[in-house]
Amino acid sequence: MAESFKFELVSPERLLISEEVEQVIIPGTEGEMTVMASHAPVMTTIKPGVVTVKPVSGAEQRYAVFGGFADILPQGCTLLAESAIHVDKLDRADLQKRIEDARHKAEHAEDLNERSRAELYLHQLTTLEGTLVPA
Amino acid sequence: MASLKDLRNRIASVKATQKITKAMQMVAAAKLRRAQEAAEAARPYSERMDAVLANIAQAVAGGGEAPALMTGTGKDDVHLLVVATADRGLCGGFNSQIVRLAREHIRKLLAEGKTVKILTVGRKGYDMLRRDYARLIVDRVELKEIKQIGFANADEIAKKVIALFEDGQFDVCTLFYSRFKSVISQVPTAQPLIPVATGEVEEGSNSVYEYEPSAGDILGDLVPRNIAVQIFKALLENVAGEMGAKMTAMDNATRNAGEMIDKLTITYNRQRQAQITKELIEIISGAEAL
């Protein structure tokens with residue numbers, strides 16, 4: 001059995017998970033990363049995507065997160081998500097609404113910087129939709 | 001002297017009021033439980049946020065990378081006060097306590113010759129502050145339509161504050177709300193939002209972090225979010241406090257109504273008895289006269 005560490009997923013509204021896990025896959029802004037026990041301390045922002053958690057006991061769980069950041073220490077990992085939800089409970093209409101909002105924002109951005117940021121966010125959201133909703 | 005009929009009406013109306021206050025108390029109790037749960041559920045996030053922020057602030061300290069939102073503008077000429085109150089009354093001194101604290105602050109700042117701007121959250125605070133400081137209120141937010149306060153509501157307020165700051169409208173921002181100590185005790189609190197007051201760094205956690213992207217970038221993302229989180233926390237505590245205060249106030253009202261009914265009933269009975277006695281005397285003396 002692999003070594004385990006403490007993983008916590010919190011959104012502003014509540015604490016979603018807090019348990020011993022073997023590994024977690026985090027969608028970092030600079031690429032996905034797999035975190036295991038005794039990871040070097042890293043702080044990273046995350047993009048909208050799927051967090052895959054493999055607890056010590058029980059089956060793998062997947063959560064959709066929309067932005068936030070992760071604080072990784074050798075003894076544990078804390079993921080502060082702006083909003084997070086279990087993949088099974090994800091409402092497709094809600095996701096569609098977020099995509100619409102992002103699209104609206106990208107189209108009405110005032111300056112180039114803002115537009116490129118909004119477009120990036122939109123792209124990340126559509127990618128997330130693609131992975132979650134089987135075509 | 002009120003007639004018997006008047007007394008009867010009076011008792012009926014106090015009874016009706018008592019029923020209403022009783023119902024309000026029970027509704028407040030149910031809402032309080034939910035609000036308390038929400039406030040507790042939100043606590044881990046803000047705690048972690050504080051820890052992370054303290055860590056990262058230490059990492060960039062002195063590097064000149066810290067965003068202005070965190071360090072402030074370096075001046076303190078213009079103050080923005082965010083006053084968060086409830087949207088409804090009938091909750092004891094809850095709203096006026098917050099407003100009183102804010103007023104004291106405003107007076108002090110004005111006496112020092114600073115410029116004060118006010119952003120009110122919730123209808124009651126706006127109503128009360130409008131009387132004295134209508135010119136100072138720059139914006140207001142009402143949450144009346146919202147049943148359960150979500151993070152998105154807090155985020156909206158935070159965005160307003162940040163937009164004002166980036167526009168150079170103020171230098172220092174303070175948030176007024178009521179800290180939920182217990183059901184019967186709420187403490188009005190003033191909390192600095194900008195510049196950020198960072199907590200103590202945990203012992204042993206100051207290991208060398210790697211930042212992805214750079215520490216400055218993360219901080220730029222994190223500080224605005226922290227403001228939203230602080231506001232969110234304040235709003236949740238406010239709701240819990242409001243419900244607690246309302247429960248206590250309505251409990252008192254129900255008890256007072258009960259006492260009033262008792263007193264009125266005694267007066268009513270006494271008067272009825274007096275009238276019966278009077279009628280009896282009239283009949284008896286009438287019979288004797290024959």
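These lines cover the structure that appears in this document, whether it is placed above or below.

Conventions used here
Residues numbered from 1 in each chain as written. Chains lettered and ligands numbered in written order. Predicted model: local features only at pLDDT ≥ 70, side-chain atom pairs only at ≥ 80, totals over all residues. Heavy atoms only, no water. Helix = DSSP H or I, 4+ residues; strand = E, 2+ residues; numbered from the N terminus. Buried < 20%, exposed > 50% of the residue type's maximum accessible area, 1.4 Å probe, protein only. Areas by Shrake-Rupley, 256 points an atom, 1.4 Å probe, with all protein chains shown as cover. Lys, Arg positive; Asp, Glu negative; His and termini not counted. Charge placed at Lys NZ, Arg CZ, Asp CG, Glu CD. Pairing = 2+ DSSP bridges. Polar contact = N/O pair within 3.5 Å; in protein donor to acceptor, adjacent residues only side chain to side chain. Axes fitted to C-alpha atoms, helices over the stretch in contact; angles between N-to-C directions. Contact = heavy atoms within 4.5 Å.

1. What about the overall build of chain A?
Point 1. Looking only at helices and strands, chain A features two helices and nine strands.
Point 2. When the helices and strands of chain A are listed from N to C terminus, the series reads β-β-β-β-β-β-β-β-β-α-α.
Point 3. Dimensions of chain A, computed from the C-alpha atoms along their principal axes, are close to 50 × 30 × 30 Å.
Point 4. By residue count, 48% of the 135 residues in chain A fall in the buried class.
Point 5. As displayed, chain A has an accessible area near 6900 Å², and 49% of this comes from carbon and sulfur atoms.
Point 6. For chain A, the centre of its 13 positive side-chain charges and the centre of its 22 negative side-chain charges are spaced 3 Å apart.

2. What to know about the pairing of strand E1 (residues 78–84) of chain B
Residues and elements named next belong to chain B.
Point 1. Counting buried positions along E1 yields seven of seven residues, so the element is predominantly enclosed.
Point 2. Burial of the side chains of E1 extends over both faces: Val 78, Leu 80, Val 82 and Ala 84 are buried on one face and His 79, Leu 81 and Val 83 on the other.
Point 3. Pairing geometry for E1 and strand E2 (residues 115–121), over seven bridges, is parallel. Across the sheet, the residue bridging to His 79 is Val 116, located in E2.
Point 4. Two elements, E1 and strand E4 (residues 172–182), share five bridges in a ladder whose sense is parallel. Note that in E4 the partner of Leu 81 across the bridge is Thr 174.

3. A look at the environment of Asp167(B)
Residue and element names in this part refer to chain B.
Point 1. Inspection of the secondary structure assignment puts Asp 167 in the loop between helix H5 (151–166) and E4.
Point 2. It is 82 Å that separates the C-alpha atoms of Asp 167 and Thr 277, two residues lying 110 residues apart in sequence.
Point 3. Polar side-chain contacts of Asp 167 include one of 3.3 Å to the side chain of Gln 169.

4. Overview of the sheet that holds E4(B)
By definition, the strands of a sheet pair up through backbone hydrogen bonds, in either a parallel or an antiparallel sense.
All names here are of chain B.
Point 1. One open sheet holds the five strands; their spatial order is E3-E2-E1-E4-E5, and the pairing between them is mixed. Only two strands of the sheet have a single neighbouring strand rather than two, namely strand E3 (137–141) and strand E5 (185–194). Across the sheet, the axes of successive neighbouring strands diverge by a mean angle of 20°, strand direction being ignored.
Point 2. Most of the contacts of H5 go to E3, to which it runs at about 160°, and overall it touches E1, E2, E3, E4 and E5.

5. Focus: the side chain of Thr189(B)
Point 1. With respect to the secondary-structure elements, Thr189(B) resides in strand E5.
Point 2. At a separation of 2.9 Å, a polar atom in the side chain of Thr189(B) contacts the main-chain carbonyl oxygen of Val187(B).

Everything listed here is a matter of coordinates, which is why it stays silent on function.
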